[in-house]
Amino acid sequence: MYGIYNFVTGPLVWASFAIFIFGSIYRLVSMYTLAKKKDAVSLAYMDWKFSFRSIFNWLIPFKALGWKMNPVLTVVTYVFHICLLATPILLSAHIIMIEESWGVSWWSLSDSTADVMTILVIAACAFFAGRRLYQKDVRFLTTGQDWLILTIAALPFITGFLAYHQLFNYQVLIIAHVLAGNIMIAAIPFTRISHMLFAVFTRAYIGSEFGGIRKAKDW
Amino acid sequence: MGIQDRLIEDVGLREGVSRLTEDKIQKTVNAVFQGETGARLKAYAEICLRCGMCTEACHFYLSHDKDPTYAPAAKVKQTIGTLLANGGRVSPDQIYNMAQIAYSECNLCRRCVHFCPVGIDTAYMMITMRRICHKLGVTPQYIQDTAHSHSATFNQMWVKDDEWTDTLQWQEEEARDEFPDLRIPLDKEGADVYYSVIAPEPKFRTQLIYQAAAILHTAKIDWTMPAEPGWDNSDMCMFTGDFEMMGRLKRKHFESAQKLKVKRIVMGECGHAFRSIYDVGNRWAGWKHYPVPVVHSVEFFWELLTQGKIKLVSKYPGPVTLQDPCNIVRGRGLGDKLREVIRILVDGEIVETASNREHNLCCSAGGGVINCGPPFKNARVAACKAKADQLRATGVKTIIAPCHNCHGGLDDTVHKYELGMEIKFLGDIIYQCMERPEA
């Protein structure tokens, strides 16, 4: 068990981060190369000002028409993304491990806050799953990929929650947790989670078109 | 529920798919994917999170009892999405379904852009689907006829060269009863304004040419119209997916203006032609922006009215509501100017529809949908129910719509939903209310 633990928290972490970083660079570079080769008619209109104008306005909750018309989803989406990103980065247990390895540390959340945020992520995933099952339009759209990324996002939080509360077998769960975290990191460039890499560019592009050519807001 | 339950028989689509095999389809689809699309399509297809946020954007969805197969992302899934998932190999019958969705169930209005957090442009996916259909020879008969007309005559309505000048002279003659020294100057080099129209104007809306001539004459504008092809700024080829012809049309239009060394082009009250000129056709022809300055008549009328070149003897009795045409408001930010013009012209308030300006609901006629003709008319008007509800809720009797397609679409809508409203172009109102020059 200890051997497996050492493996998943050691070499496997390096591997998953390597896949994430090099995979992301590869995806971004190859996408940009493709855009230069085939989408000159789009690239030509990219504009810094209108890109940031669009990104900025879409970051504000309830500003865009889409956010306004889907209020519940909007709240859940913001809570989900904030907790999904902030919890692992600001979790004291994670920071302690990094401090022990590399001697660097940063501000952390209290354990009880992190616990609540974990529950929020899990609840948000349950909400998303419910929409996929019971909301007609979303059910029609849902594919295997959507279930895959929902599972990938939920598992580290479910296992982390169970391990933290020492429910079931701690040793098995903590290994499962680290494994799930590794899978999520490595999956970013090669699943639909790649919206983390590309959405900023698609947003910037439509912002540039609307701002520069169509002279209209896109939110 | 689903496209197979609402198929509409169209001879163009039926004959088109009868000539196809799965091999032919796959070859053509992949030629388009590999030859004409790139990172944009790839990124859109990959990162659409299937969240359904765009669903509520679409008037087709809103007007069809929230049938999920009409949601924007659902239409992508049933067309381009299916082609991508199957490596381009689908049956001819599936192409029929996809063509019906792409040509007749999406107005390319881009309202859904305002709903998508990752900024996916569904209209681009639909127009790529139309491009594939065009290359497969599967296009609705009526709109294909207009595209053929573009190819043969450089105008949309089979107007022959002598008929064009004849029509202009006829309108000039008519107008001279009212304005004795009015001219429609043809081919005048170096004029300030080159006035361009869409071919339905000489074909069956000649009063619009009359009105435009009256307004330009009254405002003492130095203007001209071309005697030769290039005068039609419309572009059905953009909507059928015939991009080669779209490029030729725009080049002809701009070169006709360049040949006459005019200062700028003023376009009539049309939406799609404006889109073709600033957004789509110009790019295919290789111009990043248009090579000759172009203004839409909303902007032009705004100039005439604010600079006092046109004075009013009366105001049009309001209150009124207005239709924001997608291609000039969401597409070109003319919402404010349009309202300023209406405030000058109308005595009474503007009662806005619930969705307005860049968030407007489409008239359901644009994007080439009305041009698909009678087979699709009932489905098109049915998709305008949400818009009809918003129009009825304004409680007013006049809709101002500065776009031909909006006019046609709303005309059918007002009739079908018994709204009892009249639809006006800005030109109608200006012509009616302006101070005439002394004879």
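Residues numbered from 1 in each chain as written. Chains lettered and ligands numbered in written order. Predicted model: local features only at pLDDT ≥ 70, side-chain atom pairs only at ≥ 80, totals over all residues. Heavy atoms only, no water.

## Details of the overall build of chain B
Thought 1: Check the secondary structure of chain B and you find 20 helices and nine strands.
Thought 2: By the compact-globule yardstick of 22 Å for 439 residues, chain B fits well, its C-alpha radius of gyration being 22 Å.
Thought 3: Principal-axis analysis of the C-alpha atoms places the extent of chain B at approximately 70 × 45 × 35 Å.
Thought 4: Within the span of chain B, comprising 439 residues, buried residues form 67% of the whole.
Thought 5: Long-range pairs, those at least 24 residues apart, make up 81% of the contacts in chain B with a sequence separation of at least 6.
Thought 6: As displayed, chain B offers around 15,500 Å² of accessible surface, 48% of which is attributable to carbon and sulfur atoms.
Thought 7: Computed over 53 positive and 55 negative side-chain charges, the inter-centroid distance for chain B is 5 Å. (Helix = DSSP H or I, 4+ residues; strand = E, 2+ residues; numbered from the N terminus. Rg over C-alpha atoms; globule rule 2.2 N^0.38 Å. Buried < 20%, exposed > 50% of the residue type's maximum accessible area, 1.4 Å probe, protein only. Contact = heavy atoms within 4.5 Å. Areas by Shrake-Rupley, 256 points an atom, 1.4 Å probe, with all protein chains shown as cover. Lys, Arg positive; Asp, Glu negative; His and termini not counted. Charge placed at Lys NZ, Arg CZ, Asp CG, Glu CD.)

## Quick word on the pairing of strand 1 (residues 193-196) of chain B
All names here are of chain B.
Thought 1: Burial along strand 1 is two-sided: the face carrying Val193 and Tyr195 and the face carrying Tyr194 and Ser196 are both buried.
Thought 2: Of the strand pairs in this sheet, strand 1 and strand 2 (residues 223-224) are connected by two bridges, and their pairing is parallel. Paired with valine 193 across the strands is tryptophan 223, a residue of strand 2.
Thought 3: Bridge count for strand 1 against strand 3 (residues 264-267) is four bridges, and the pairing is parallel. Its bridge partner being in strand 3, valine 193 is matched across the sheet by arginine 264. (Pairing = 2+ DSSP bridges.)

## Digging into a negative patch on the surface
Thought 1: The grouping of Asp161, Asp162, Glu163, Asp166, Asp187 and Glu228 of chain B at the surface amounts to a negative patch.
Thought 2: Structurally, aspartate 166 of chain B is set in helix 9 (residues 161-175). (Patch = residues over 30% accessible without salt bridge, like charges linked within 9 Å, V, L, I, M, F, W, Y side chains within 5 Å. Salt bridge = Lys/Arg side-chain N within 4 Å of Asp/Glu carboxyl O.)

## Looking at helix 2 (residues 22-36) of chain B
Thought 1: Given a rise of 1.5 Å per residue, 15 residues ought to cover 21 Å, and the 21 Å separating the end C-alpha atoms of helix 2 of chain B matches this to within 8%.
Thought 2: Taken residue by residue, helix 2 of chain B has Ile25, Thr28, Val29, Asn30, Val32 and Phe33 of chain B as its buried positions. (Expected span 1.5 Å × (residues − 1).)

## Side note on the side chain of glutamine 171 of chain B
Thought 1: Within the secondary structure layout, glutamine 171 of chain B lies in helix 9.
Thought 2: Excluding residues within four positions of it along the chain, glutamine 171 of chain B makes contact with Ile184, Thr206, Ile209 and Tyr210 of chain B.

## Let's talk about the interface of chain A and chain B
Thought 1: Of the residues lining the interface, 49 residues belong to chain A; the matching set on chain B comes to 51 residues.
Thought 2: In total, about 4,400 Å² of surface goes out of reach between chain A and chain B, with carbon and sulfur atoms giving 60% of it.
Thought 3: Summed over the shared surface of chain A and chain B, the result is three salt bridges.
Thought 4: The tally of links from chain A across to chain B stands at 31 residue pairs in polar contact (both at pLDDT 80 or more).
Thought 5: The dominant element in the side of chain A that touches chain B, judged by the number of residues it contributes, is helix 12 (residues 195-213) of chain A, at ten residues.
Thought 6: By residue class, the composition of the side of chain A that touches chain B is 25 nonpolar, nine polar and 15 charged. (Buried area = accessible area lost by both parts, 1.4 Å probe. Polar contact = N/O pair within 3.5 Å; in protein donor to acceptor, adjacent residues only side chain to side chain. Nonpolar A, V, L, I, M, F, W, Y, C, P; charged D, E, K, R; others polar.)

## Section: the packing of helix 16 (residues 335-345) of chain B against helix 20 (residues 426-433) of chain B
Residues and elements named next belong to chain B.
Thought 1: It is at 11 Å that the axes of helix 16 and helix 20 come closest, and there the two elements cross at 30 degrees. Considering their axes alone, helix 16 and helix 20 lie roughly parallel with respect to each other. Relative to helix 20, the crossing made by helix 16 is left-handed. Only Leu426, Ile429 and Ile430 of helix 20 make contact with helix 16, whose side of the interface consists of Leu338, Val341, Ile342 and Leu345.
Thought 2: When the residues that make up the contact of helix 16 with helix 20 are grouped by side-chain class, the tally is seven nonpolar, no polar and no charged. (Axes fitted to C-alpha atoms, helices over the stretch in contact; angles between N-to-C directions. Parallel < 35°, antiparallel > 145°, perpendicular 65-115°, else oblique. Left-handed = near helix turned anticlockwise from the far one by under 90°.)

## A word on helix 6 (residues 92-104) of chain B
All names here are of chain B.
Thought 1: In this model, helix 6 (13 residues) spans 18 Å end to end at C-alpha, consistent with the 18 Å of a helix rising 1.5 Å per residue.
Thought 2: With respect to burial, helix 6 is a largely interior element, eleven of its 13 residues being buried.
Thought 3: Looking at helix 6, one finds that the buried residues are Pro92, Ile95, Tyr96, Asn97, Met98, Ala99, Gln100, Ile101, Ala102, Tyr103 and Ser104.
Thought 4: For helix 6, the secondary structure elements touched by its buried residues are helix 1 (11-18), helix 2, helix 4 (59-63), helix 5 (72-85), helix 7 (122-136) and helix 12 (237-240).

## Overview of the pattern of salt bridges
When the charged atoms of two side chains lie near each other, side chains of opposite charge can form a pair.
Residues and elements named next belong to chain B.
Thought 1: Evaluated as defined, the whole model comprises 33 salt bridges over all chains.
Thought 2: The residue arginine 6 makes a salt bridge to aspartate 67 at a minimum N-O spacing of 3.7 Å. In this pair, arginine 6 sits in the segment before helix 1 while aspartate 67 sits in the loop between helix 4 and helix 5, placing the two residues 61 residues apart along the sequence.
Thought 3: Owing to a relative accessible area of 15%, arginine 6 belongs among the buried residues under this scheme.
Thought 4: Taking the shortest distance from any N to any O, the salt bridge between aspartate 389 and lysine 385 comes out at 3.3 Å.

## What about the environment of leucine 34 of chain A?
Thought 1: Note that leucine 34 of chain A resides in helix 2 (residues 11-38).
Thought 2: Each residue touching leucine 34 of chain A, except ones within four places of it in the same chain, is listed here: Asp39 of chain A together with Gly38, Ala39 and Lys42 of chain B.

## Overview of a positive patch on the surface
Thought 1: On the surface, a cluster of positive charge is made up of Arg248, Arg251, Lys252 and Lys259 of chain B.
Thought 2: Structurally, arginine 248 of chain B can be placed in helix 13 (residues 243-259).

## Examining the sheet that holds strand 9 (residues 422-424) of chain B
Residues and elements named next belong to chain B.
Thought 1: One open sheet holds the three strands; their spatial order is 6-8-9, and the pairing between them is parallel. One side of each edge strand has no neighbouring strand; the edge strands of this open sheet are strand 6 (321-322) and strand 9.
Thought 2: Judged from the two bridges that link them, strand 6 and strand 8 (residues 398-400) form a sheet pairing that is parallel. Pairing of leucine 322 across the sheet is with isoleucine 400, part of strand 8.

## Observations concerning unusual backbone geometry
Excluding glycine, residues mostly carry a negative phi; peptide bonds, for their part, are mostly trans.
Residues and elements named next belong to chain B.
Thought 1: The amide bond that connects glycine 318 to the next residue, proline 319, takes the cis arrangement and shows omega of -5 degrees.
Thought 2: Assignment of secondary structure puts proline 319 in the loop between strand 5 (316-317) and strand 6.
Thought 3: Unusually for a residue other than glycine, aspartate 65 sits at a positive phi of about 50 degrees.
Thought 4: Mapped onto the elements of the fold, aspartate 65 is located in the loop between helix 4 and helix 5.
Thought 5: Even without glycine at this site, glutamate 418 takes up a positive phi of about 50 degrees.
Thought 6: Mapped onto the secondary structure, glutamate 418 falls in the loop between helix 19 (404-416) and strand 9.
Thought 7: By relative accessible area, which is 69% here, glutamate 418 ends up exposed.

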